[in-house]
Amino acid sequence: MRTDQNLTRLDRVFARLDREPERPAHIDVPKMSRHRVALLLATLAFYLAIVWLVVITSWLVRLDWQVMFFRPYQQWPEIHAFLDYYVVLGQRGPTAVMVAAWLGWRSWRQHTLRPLLTLGASLLLLNITVGAAKLGMGRLGPHYAITIGSNEMGLGGDIFPSGHTANAVVTWGILAYLASTPRARRWLSAVSAVVSLGVGLTTVYLGTHWLSDVVLGWAAGLLILLALPWCEPLIARAEVSIFALRDRLRERRSRTVAAPSPAPAPSPSVPVAMPVPLAQLHAGQDEAVAAHEPASPARAPRAPAYLAPGPHTTRSERTPVTPVGSRRPPHSDRLPRGAAASGARPLTGG
């Protein structure tokens, strides 16, 4: 029998997975404090300032064109292959799957749906706010720019703000937002900041975004993270509703699979029929069927179907017929069977 001292690391991991999950006694939910409100207002002012500088075609737009003409992907081509893969950390599909897998594990371990619901709320806010800003401003990207030095606004584009950058800020920043300890929150905040900064600069390097697009994407993602505490009451009500629905479904399923109740006993006033033997029951049924069936008239016997029409005789009354041209060779000394042979000599031994 294996003891705890002989357990391998893989065995200990599976033993930990098999344990019953326990919900922590205290889950730290961020509050909308004064410092957070002040930081939210400052980020909103910065967001509006970037939009205004681009609308009036200020020095920020000229900087965008200078960086585009610099063509960073031609200056440092050796890192192009690596950055093509690194930019995937800002794509919504792959990052959402990875983060949702981790938060789903946390939800199961803590017996709470708050991590998954918070991720869903943040992605919903991201799609609404960033998508509306993209469609509302309609800025064209560097590869589709028409007039040199213009802001390329209102031309049907969807590049401003950068969706890759905002998604990186929100998706990786949600891990720091949901951290259970202050130390973990600090480390995860630093990691998410580095990842989102690298994703934004990678899009500038590849030439898919202006520099101002990336700056506005950072601000858009930070606004969503700062506003999440306002969504906490709605998230808590959604969690309670989901658990209540689960309990109702479990109760309904238990009722469905429950055993049926036994049939009630017959009343004493009602006469109970005695059991009848099976042979008598079948005999009575046969008699009832025979009494109800009409009598059919007698039928004449029919001749066998295989005989040809005409007179027929039995085999003993038929005359044997010798076939013509017998194949047996003639023998003059052979007599018919049963006839006495005249002059025959008795056989004697000699």
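Definitions and limits used
- Residues numbered from 1 in each chain as written.
- Predicted model: local features only at pLDDT ≥ 70, side-chain atom pairs only at ≥ 80, totals over all residues.
- Heavy atoms only, no water.
- Helix = DSSP H or I, 4+ residues; strand = E, 2+ residues; numbered from the N terminus.
- Buried < 20%, exposed > 50% of the residue type's maximum accessible area, 1.4 Å probe, protein only.
- Contact = heavy atoms within 4.5 Å.
- Areas by Shrake-Rupley, 256 points an atom, 1.4 Å probe, with all protein chains shown as cover.
- Core = buried A, V, L, I, M, F, W, Y, C linked by side-chain atoms within 4.5 Å.
- Expected span 1.5 Å × (residues − 1).
- Axes fitted to C-alpha atoms, helices over the stretch in contact; angles between N-to-C directions.
- Parallel < 35°, antiparallel > 145°, perpendicular 65-115°, else oblique.
- Left-handed = near helix turned anticlockwise from the far one by under 90°.
- Nonpolar A, V, L, I, M, F, W, Y, C, P; charged D, E, K, R; others polar.
- Salt bridge = Lys/Arg side-chain N within 4 Å of Asp/Glu carboxyl O.
- Polar contact = N/O pair within 3.5 Å; in protein donor to acceptor, adjacent residues only side chain to side chain.
- Phe/Tyr/Trp six-rings, centres within 6.5 Å; stacked < 30°, edge-to-face > 60°.
- Lys NZ or Arg CZ within 6 Å of the ring centre and 35° of its normal.

Secondary structure assignment for the chain yields twelve helices and zero strands. Counting over 350 residues, the chain shows a buried share of 29%. Long-range pairs, those at least 24 residues apart, make up 77% of the contacts in the chain with a sequence separation of at least 6. Within the structure as shown, the chain displays about 25,400 Å² of accessible surface, and the carbon and sulfur contribution to it stands at 64%.

With that settled, consider the nonpolar core. Ranked by internal contacts, the top residues of the largest apolar core, which has 42 residues, are Y47, F160 and I174. When contributions to this core are tallied by element, the ones reaching two or more residues are helix 2 (34–55), helix 3 (59–70), helix 6 (92–110), helix 7 (114–137), helix 8 (163–177), helix 9 (182–206) and helix 10 (211–227). Excluding anything up to four places from it in sequence, F160 contacts I50, V51, V54, A133, K134, M137, R139, M153, S212, D213 and L216.

Compared with an ideal rise of 1.5 Å per residue, which puts 15 residues at 21 Å, helix 8 spans 20 Å between its outermost C-alpha atoms and is within 8% of the ideal. Of all 15 residues that make up helix 8, 14 are buried, and the element is covered over most of its length.

In this section: the environment of L178. With respect to the helices and strands, L178 occurs in the loop between helix 8 and helix 9. Here L178 falls in the buried class, since its relative accessible area comes to 3%. For the pair L178 and L119, spaced 59 residues apart in sequence, the C-alpha to C-alpha distance is 9.5 Å. Those residues in contact with L178 that sit more than four places away from it in its chain are L103, R106, R114, P115 and T118.

Moving on to the packing of helix 7 against helix 8. The N-to-C vectors of helix 7 and helix 8 enclose an angle of 160°; their axes lie 10 Å apart at closest approach. Judged by the angle between their axes, helix 7 and helix 8 are roughly antiparallel. As helix 7 packs across helix 8, the resulting crossing turns out to be right-handed. Facing R114, T118, L119, S122, L123, L126, V130 and K134 of helix 7, the residues of helix 8 in contact are G163, A166, N167, V170, T171, I174 and Y177. Its residues assigned to classes, the contact of helix 7 with helix 8 comprises eight nonpolar, five polar and two charged.

Further remarks concern the packing of helix 2 against helix 3. Relative orientation of the contacting elements helix 2 and helix 3 amounts to 75°, with a least axis distance of 7 Å. The pairing of helix 2 with helix 3 is recorded here as roughly perpendicular in orientation. Residues I50, L53 and V54 of helix 2 lie in contact with helix 3, whose contacting residues are W59, L60 and V61. Of the residues in the contact of helix 2 with helix 3, the class split is six nonpolar, no polar and no charged.

A few words now on the pattern of salt bridges. Tallying each qualifying case throughout the model produces five salt bridges. Between R139 and D64 there is a salt bridge; the shortest N-O distance is 3.1 Å. A residue pair is termed long-range when its members are at least 10 positions apart, and R139 in the loop between helix 7 and helix 8 and D64 in helix 3 qualify at 75 residues. When its relative accessible area of 1% is taken as the criterion, R139 is described as buried.

Bringing the environment of T112 into the picture now. Summarising the element assignment, T112 is placed in the loop between helix 6 and helix 7. Expressed as a C-alpha distance, the spacing of T112 and F243, which sit 131 residues apart in the sequence, is 9.4 Å. Of the polar contacts made by the side chain of T112, one reaches the backbone nitrogen of R114; its length is 3.2 Å.

Counted according to the given criterion, the structure contains five aromatic pairs. Between W65 and F69, the ring centres sit 5.8 Å apart and the planes meet at 40°, which makes this aromatic pair tilted. One end of the pair is W65 and the other is F69, both in helix 3 and four residues apart, which spans about a single turn. Taking the relative accessible area as the measure of exposure, W65 reaches 6% and is therefore buried. Linked through ring pairs, W65, F69 and W210 together constitute an aromatic cluster. Just above the ring of F160 sits the side chain of R139; from NZ or CZ to the centre is 5.2 Å.

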